[in-house]
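What the coordinates show
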Amino acid sequence: AGGGAGGEDTLRRKRGGDGADEDDEGGEEAAGGKRSEMSAALDSIRVRSANGGEGEGGDVDGAADAERGSGAPNELDLDALSFREGSHLMTNKRCDLPPKSWRATKPGYEEVHVPAARSVAPPGEKLVPIADLPGWTQDAFQGMKMLNRVQSKLAEVALRTSDNILLCAPTGAGKTNVAMLSILNVLGQYRNENADAAMEEDGDDGKVSRHEGHFDLSAFKVVYVAPMKALVQEVVKNFSKRLKPYGVTVRELSGDSNLTRQQISETQMIVTTPEKWDIVTRQGEGRAYTQLVRLIIVDEIHLLHDDRGPVLESIVARAIRQVEATAEPVRLVGLSATLPNYADVATFLRVDPKKGMFFFDHSYRPVPLQMQYLGVTERNAFKRFRLQNEICYDKAVGQRKNGNQMLIFVHSRAETGKTAKALRDLAIEKDQLGLFVREGGATQEILREELASIKNADLKEVLSYGFAIHHAGMARADRELVEDLFADGHIGVLCCTATLAWGVNLPAHAVIIKGTQIYNPSRGRWAELSPLDVLQMLGRAGRPQYDSEGEGIIMTAHSELQYYLSLTNLQLPVESQMIKTLPDHLNAEVVLGTIQTISEAVDWLGYTFLYVRMLKNPGLYGISDKAAEEDPTLKFRRMDLAHTAACMLERSHLVRYDRRSGALQTTPLGRIASQYYISHNSMALYGRHLRPNMTDIDLLRLFSMSGEFTHITVREEEKLELTKLAGRVPIPVKESPSEPSAKVNILLQAYVSRLRLDGFALVSDMAFVQQSAARIMRAIFEIALRRGWSSLAKLTLAFANMVAHRIWRSQSPLRQFKNVPEIVARKLERKSDIEWARYADLTPSDLGELVGVPKMGRTLHRLVHQFPRLELSAHVQPITRSILRVELGLVPDFEYDVKVHGYVQLFHIIVEDVDGESILHHEMFLLKNTGAEDEHTVVFTVNILDPLPPSYFVRVISDRWLHSEAVLPISFNKMILPSKFHPPTELLDLQPLPVSVLGEAALTKLYGFAEFNPIQTQTFHHLFKTDKNCLICAPSGSGKSACAEFAVMRMLVNDPRGKCVYVSPKEETSTNIYRDWNMRFGSILRPGQVAQLTGEVTPDLKLIAEAKIVVCTARQWDAVSRRWRQRKAVQAVTLFVVDDMHFLGGDSGPTMEVIVSRMRFISAQKQQKGGDVPQLRMIGLSASLANAREVGEWMGTSAKGLFNFSPKVRPVPLEIYTHSFDQSNFAGRLMAMGKPVYNAVTRHSEGKPSIVFVPSRRQAQLTAIDLMTYYQSIEGKTFLGKGSEAKDVAEIAGRLREPALQQVVASGIGFLHDGMLEGEWEQILDLYQNGSITVLVLPVDTCWKVKIVSHLVVIMGTETFDGRERRYVDYPIADLLHMMGMASRQGIDTCGKCVIMCHTPKKEHLKKLLYEPLPIESHLDHYLHDHFNSEIVTKTISSMQDAV
């Protein structure tokens, strides 16, 4: 073997290009060798040098081609390929302006005028009146008479078809109504057939709405993706109102608003931002949202050009791939501003250019817009500032002379006030105030009256002069006042920030954008406005009702003039920014399970906008012309990109990447990165620098070094303020305040401490840091949990909550409630001698006295008792020497209030070792508001460390509340561990016995195979050649029933009066055995000699008297044998076979124990009476037991008759794979398992039969359908067996009763459940056994009923819902062993396979239980009274002595 491994290794080296080469290449690049000079386009490195012809030319060329041929992908430098300038990228070289444009050069600036594009409607263009739409849709357009030109053209496609649409039209062209039409199309699909008739009859008979009950609202969802939070809220407001008549609920789902499962199920339309939707669909449980989605509307899809573009690419690609995988249609509707390369966006959205692509140019604006572009050439900053104000003033005067209002957009809150004041001062200076507010007019009066109510100082100063300001930092009352005054025309000039453009619809005749630089905290510098914002602001120019045209004026630096001219004149192509964040998006798909090999990654890249643009414009994306010609589909290029991203992820330990097979596998770190949206560089940093015992100082330092903050810089003007803050924050910062990492650290602490900041840039930096903080802390918390570091986990969880609540750990826990006055909280903090745990015991008056405000006492008392607190109790029991079973009781000890606590509270259950260093077990506990009064139990197992520690600690920590934790020590000094178990029997390497050893020809015929397996061979002599008792323990599926048959045959051959009883704890098993034996032994015995008991005593006794072989369950035999003294038939039994003895530890254990003891008692009594009585022979069959020797001694087996094989010994070896899933929600976890189950079946079964076990009947149907759709969409094949005829199977399928079953059977998948007709059950089993269908999906409760084997068994989930206990319980271990035993076809397979999918916390425990023998204990002591009673009735026990 050693040689083999070595050989493989050298092979790998020879093939090269696998591991070592890539690094070298990187090295040469870095050294800045000739290569990088020769060409910037990386993939043509070698080709170019060939053309350079430097002696070795042809050679290199050949090498390049050869390397391409062998398909070893290259690593690219993604940073060099990504666009530095982000959304500001301009790929057009020149800009053609419309005719009649003119330029003028003025002192300090240049001016370009572009006239308004007027539109002339062609004759014969008809507008669609609302009345022509279907009657039921008209409620959505209340107050409108006609659709406008754009909407009329799209009405047919949007409302009456389900084709994908891309609509490009200028801002304000009424795209919202097109979205509305497409939503009505979905509603129409789920409208009852008879709704029209019903609407006519109804009239108004007091229903809430005339549409009530006409729509199946639970069957669909619509998702509307809008880029800004302000926009999301506007859409929610607008659509809620318009869809209300239909009973449709619209909710927002954005950064800080999470929806509960319940809310999601009640919502039909979800309005969300791209990032949030990405997070939702990234998680497997997101399928709960996405399964019902029928329409996705992406607004402002030209955002693809922005830095946030990749997120849009990712969600659209994911949606399209999901449609292809599940074959459930989802309609995509893209709405965008006008852009030149709309055809590319249409291709990306899978829009049919003939049907769904619509493009409207600027002439379709509701109000034509004349534009002025001012490029300021002035260099001196101060002069430039003055110049800008003067230009603004000139334009304002021009507008006021015509009686128009104007908006001036500036880019910081402080700037609004500064600009307004500067304009006012200029007006005073030039004595033109009268232009803005007429002396003695009504406006002047109104403005003076309003002054009193205004809070904002800047606004107060300028309002009476007819100027005003507006930004998000103002009080709501002030903002609304300004909006109203402006709408009524009392304010002439309004200086505002971009929020006005997004959130509030206030049009004006003219709009000035004063400067195009905006502060961008994620980059840490002033950057150009995003094109999105510019278009949105210009969209506010021109009031549709009054103006014949509007004016837009952009002031910018002279160097940027060209960019803005291109942007607003349709000449700026949209490019893809995907390369920058490719690794992170790839990781998300790997975690989701949609990408599992590098070739799937290449395929996924083919769905992105990046691919569409790479094909169109290869040079821009660093692809040489030659490479583009040789590789028309860019397959190699995508391969390189995917390979590079995978290598980067592998270096950060987010995926495992096997370069030989190209397989990609996620890691726990990868899951965390995807779930919390953390970049791979940050994850790599945490991976390297996290230590188990970090202090808060270390943690904050690490936090401030995260990749998310790399762009933050420290400006000169901030240093002073940062130094001051550094002195005020509680946790010391080691670096000097001029270090960027120190700035992040200080800002985070300042945020938690609620300190006031002055600098504008600092405020937005702080907001940026704070947005990422909770997310990053949660991620580090998850990493700490994965690594089992207790102290770090507690620290990071505390920090995440400190950031969320903005309080420190040293502050009063009551600050986490909203309504605690600052002064009260301060007083509580001074009384630090009273510890928090004791507050619960204080009375209201004590609390009132404590803070010195008696009337606060009751409120405080209420809050203290609403604070989440749990009482813990535990019951522990060692199962083996290394496993401890803990039953944790949790009693909520607080007043649950849905307003405060929401519908569900999360707690982390953490078991730590005695030092509190490492986490031995972690799981989540959900406390629902419905169960806030009840006691809850959580059962889990923990490993016992060796040597035995004095104690463990169980901590239950609230997920969202600081200081809410309960600790319970579990002491071990009274605990008695079970004794060490004896080693298992060794399986000897014997020559397999042929069937002929049985001697009798009649007996040999009973077997359909030629030789016995090793376990049967080893036990044969003892069973067939002696009369001794025997216990055989071997894993399920290893042919133990044949061993029992040896003993039965010996009895038939040797003892004419012999009687055998076969007992099994499960009815299903005994039925299967009866069918089998009746067919086989029935052929050599008289009819009636093989009998199955019915459970009715009188007929049963008759059956026993007649029969030679009796098959029954433990309960039935208990009932029959209770009065054994009177029943000769029971005494006549000579062979007693007990199957599945490992059930002694289960529910039917006590009954089994009693009947085995009773049979031995009968035998002993008969022996005492003397005479020629044959001794009763006992045979026990069981799974591998840890304490088999004790069971054997109790049954009266000698050491020679005890065969206890290890669970690893199987006649057909079994490969076991365990997959763990992190989703804490049961349904979400099953959804996440869907694709992995399909992968397991296709990967491991190789066309041989497979069985999938699922938790419930409904899941069986869902999984079968899932498997069918995945296989058809991904491979385009079915699971029908090799030899079977599709039409024969289809014919049988057509006769089945259930429609779902017909569908799946026709494609080679069957499922069974208890509610089926007996005949159909048999039919499906026959189809499976003759190989027509190769996949069978079974609910777990049928696992004992079916007697089948397969090559592969997949166990999907290891818990099921127990209706009595109202919680999810684990499958019994015996069931799991039994299911695993089905994965081996003796004599056919050389090896069986079993894939077990489970919840992450259970994985280790399951592996231990399945790989080690089972320990079983007696439970008779709990049920002794029942069995005592029956023995007293039958007079077996008549005195205390008898009982003993």
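In this text, all values refer to a predicted model and were calculated from it rather than measured experimentally.

A closer look at the overall build of the protein
Scanning the protein for helices and strands turns up 58 helices and 41 strands. Relative to the globule expectation of 35 Å for 1444 residues, the C-alpha radius of gyration of the protein, 39 Å, shows essentially globular dimensions. Each principal axis of the C-alpha distribution contributes one length, and for the protein these read about 135 × 90 × 80 Å. Considering the protein as a whole, with its 1444 residues, one finds that 55% of them fall into the buried category. Of the contacts formed within the protein by residues at least 6 apart in sequence, a portion of 72% connects residues at least 24 apart. In the protein, 168 side chains carry a positive charge and 176 a negative one; their mean positions are 2 Å apart.

Some remarks on the sheet that holds strand β25 (residues 951-958)
The strand order across the open sheet formed by four strands is β23-β22-β25-β26, and the pairing between neighbours is antiparallel. Looking along the sheet, the strands with just one partner apiece sit at the ends: β23 (919-928) and β26 (965-971). If you compare each strand with its neighbour and ignore which way they point, the axes differ by 20° on average. With nine bridges joining them, strand β22 (residues 904-912) and β23 adopt antiparallel strand pairing. From the neighbouring strand, H908 faces β23, where its bridge partner is M924. Against the sheet, helix α36 (residues 790-805) engages β22, β23 and β25, with an angle of about 15° to β25.

Examining the environment of A468
Along the chain, the position of A468 falls in strand β12 (residues 467-470). Each C-alpha atom, one on A468 and one on C495, is 6.2 Å from the other, the two residues being 27 residues apart in sequence. Apart from the residues within four sequence positions on either side, A468 is in contact with L459, V462, L463, V482, I491, V493, L494 and C495.

Concerning the packing of helix α43 (residues 1040-1054) against helix α44 (residues 1067-1080)
The interhelical angle for the contact between α43 and α44, taken along N-to-C directions, is 45°, at an axis separation of 13 Å. The pairing of α43 with α44 is recorded here as oblique in orientation. Taken as a pair, α43 and α44 cross one another with a handedness that is right-handed. Where α43 abuts α44, its residues S1041, E1045 and V1048 lie against I1073, D1076, W1077 and R1080. Residue composition of the contact of α43 with α44, grouped by class: three nonpolar, one polar and three charged.

Observations concerning the pairing of strand β6 (residues 269-272)
The two faces of β6 match: M269 and V271 on one face and I270 and T272 on the other face are all buried. Note: strand β4 (residues 221-225) against β6, four bridges, orientation parallel. Among the inter-strand pairings, Y224 is bridged to a residue of β6, identified as V271. In terms of strand pairing, strand β5 (residues 250-253) meets β6 through four bridges, oriented parallel. Paired with E252 across the two strands is V271, which belongs to β6.

Quick look at the sheet that holds strand β30 (residues 1109-1113)
In space, the seven strands of this open sheet follow the order β29-β30-β28-β31-β32-β27-β33, with parallel pairing throughout. Either end of the sheet is taken by a strand with one partner, and the two such strands are β29 (1090-1092) and β33 (1202-1204). Each strand axis lies, on average, 15° off the axis of its neighbour in the sheet, ignoring direction. In terms of strand pairing, strand β31 (residues 1135-1138) meets strand β32 (residues 1177-1182) through four bridges, oriented parallel. What sits directly across from V1138, in β32, is G1180. Strands in contact with helix α42 (residues 1014-1025) are β27 (1030-1033), β32 and β33; relative to β27, the strand with the most contacts, it is inclined by about 165°. Contacts from α44 reach β28 (1060-1064), β29 and β30 within the one sheet, and its direction differs from that of β30 by about 160°.

Topic: the packing of aromatic side chains
A complete count under the given rule lists 39 aromatic pairs for this structure. Their ring planes at 80° and their centres at 5.7 Å tell us that F215 and Y246 sit as a pair that is edge-to-face. Taken together, the residues span a long stretch of sequence, with F215 in the loop between α9 (195-202) and β4 and Y246 in the loop between α10 (229-243) and β5 at a distance of 31 residues. Just as F215 is buried, Y246 falls in that class too. Ring geometry for F1009 and F1012: centres 5.9 Å apart, planes at 80°, overall edge-to-face.

Side note on unusual backbone geometry
Residues D946 and P947 are joined by a peptide bond in cis, for which omega reads -5°. Mapped onto the elements, P947 comes out in the loop between β24 (936-943) and β25. Located in the positive-phi region is R350, a residue other than glycine, with phi close to 60°. For K1435, which is not glycine, the phi dihedral falls at a positive 65°. Relative to the assigned elements, K1435 resides in the loop between α57 (1420-1433) and α58 (1440-1443).

Focus on helix α29 (residues 635-651)
Over its 17 residues, α29 runs 24 Å from end to end, which matches the ideal 24 Å to within 8%, given 1.5 Å per residue. Among the 17 residues in α29, 12 count as buried, and that is most of the element. The complete set of buried residues in α29 reads R637, R638, M639, D640, L641, A642, H643, T644, A645, A646, C647 and L649. Two residues or fewer after α29 comes H653, characterised by a positive phi angle close to 60°.

Concerning the nonpolar core
The biggest cluster of nonpolar side chains holds 182 residues, and the ones touching the most others in it are Y224, F239, L243, M269 and Y686. In terms of residue count, helix α35 (residues 760-787) provides more of this core than any other element does, 13 residues in total. Those residues within four positions of Y224 in sequence are excluded, and the remaining contacts are A179, V235, F239, M269, I270, V271, T272, I297, D299 and L335. Of all hydrophobic cores here, the second largest spans 109 residues; its members include Y1271, I1333, A1383 and I1416.

Notes on the pairing of strand β3 (residues 165-168)
The side-chain alternation of β3 yields two buried faces, one formed by I165 and L167 and the other by L166 and C168. Of the pairings in the sheet, the one linking β3 to strand β8 (residues 331-336) comprises four bridges and is parallel in character. Residue pairing for β8: I165 is matched across the bridge by V333. Sheet topology places β3 next to strand β9 (residues 357-359); three bridges connect them, and they run parallel. Its bridge partner lying in β9, C168 is registered against F359.

Side note on the pattern of salt bridges
Opposite charge on two side chains permits them to pair, given that their charged atoms come into close proximity. Taken as a whole and assessed by the stated rule, the structure comprises 51 salt bridges. In the salt-bridge network here, residues are joined through shared partners; they are K421, R424, D425, D458 and E461.

Section: a nonpolar patch on the surface
Together, V898, Y903, V904 and L926 line one region of the surface with nonpolar side chains, adding up to about 320 Å² of accessible area. One can find Y903 in the loop between α40 (898-901) and β22. A relative accessible area of 45% places Y903 in the partly exposed class.

Details of the environment of D1442
Tracing the backbone through its elements, the reader meets D1442 in helix α58. Sequence separation between D1442 and I1432 is 10 residues; the distance between their C-alpha atoms is 9.8 Å.

Here's the deal with empty space enclosed by the protein
Applying the stated criterion across every chain yields a total of three cavities of 30 Å³ or more. For the largest cavity, the calculated volume is near 160 Å³. Taken together, 18 residues line the largest cavity, and the ones lying closest to its centre are H302, P531, L567, L572 and V574. A total of three residues in the lining of the largest cavity trace back to one element, the largest contributor, which is helix α23 (residues 531-538). Space inside the second largest cavity adds up to approximately 80 Å³. What lines the second largest cavity is simply P1035, S1036, A1183, S1184, P1207, R1210, L1377, L1409, L1410, E1412, P1413 and L1414.

Side note on the side chain of E1359
Residue position: E1359 is located in strand β39 (residues 1359-1362). Under the relative-accessibility criterion, E1359 is labelled buried at 7%. A polar contact of 3.3 Å, which involves the side chain of E1359, links it to the side chain of K1402.

A word on the packing of helix α16 (residues 381-401) against helix α17 (residues 413-429)
Close contact between α16 and α17 brings their axes to 10 Å; oriented N to C, the two are set at 65°. Looking at the two axes, α16 sits roughly perpendicular to α17. In the crossing of α16 with α17, the sense of the turn from one axis to the other is right-handed. In contact with F385, N389, E390, C392 and Y393 of α16, α17 contributes E415, T419, A422, L423, L426 and A427. Looking at the contact of α16 with α17, its residues break down into seven nonpolar, two polar and two charged.

Cut-offs used in this document
- Residues numbered from 1 in each chain as written.
- Predicted model: local features only at pLDDT ≥ 70, side-chain atom pairs only at ≥ 80, totals over all residues.
- Heavy atoms only, no water.
- Helix = DSSP H or I, 4+ residues; strand = E, 2+ residues; numbered from the N terminus.
- Rg over C-alpha atoms; globule rule 2.2 N^0.38 Å.
- Buried < 20%, exposed > 50% of the residue type's maximum accessible area, 1.4 Å probe, protein only.
- Contact = heavy atoms within 4.5 Å.
- Lys, Arg positive; Asp, Glu negative; His and termini not counted.
- Charge placed at Lys NZ, Arg CZ, Asp CG, Glu CD.
- Pairing = 2+ DSSP bridges.
- Axes fitted to C-alpha atoms, helices over the stretch in contact; angles between N-to-C directions.
- Parallel < 35°, antiparallel > 145°, perpendicular 65-115°, else oblique.
- Left-handed = near helix turned anticlockwise from the far one by under 90°.
- Nonpolar A, V, L, I, M, F, W, Y, C, P; charged D, E, K, R; others polar.
- Phe/Tyr/Trp six-rings, centres within 6.5 Å; stacked < 30°, edge-to-face > 60°.
- Expected span 1.5 Å × (residues − 1).
- Core = buried A, V, L, I, M, F, W, Y, C linked by side-chain atoms within 4.5 Å.
- Salt bridge = Lys/Arg side-chain N within 4 Å of Asp/Glu carboxyl O.
- Patch = residues over 30% accessible without salt bridge, like charges linked within 9 Å, V, L, I, M, F, W, Y side chains within 5 Å.
- Areas by Shrake-Rupley, 256 points an atom, 1.4 Å probe, with all protein chains shown as cover.
- 1 Å grid on protein atoms, 1.4 Å probe; cavity = no way out; pocket = protein on both sides within 12 Å on 5 of 7 lines; lining within 4 Å.
- Points joined across faces, edges and corners; volume = space filled by probe spheres on them.
- Polar contact = N/O pair within 3.5 Å; in protein donor to acceptor, adjacent residues only side chain to side chain.

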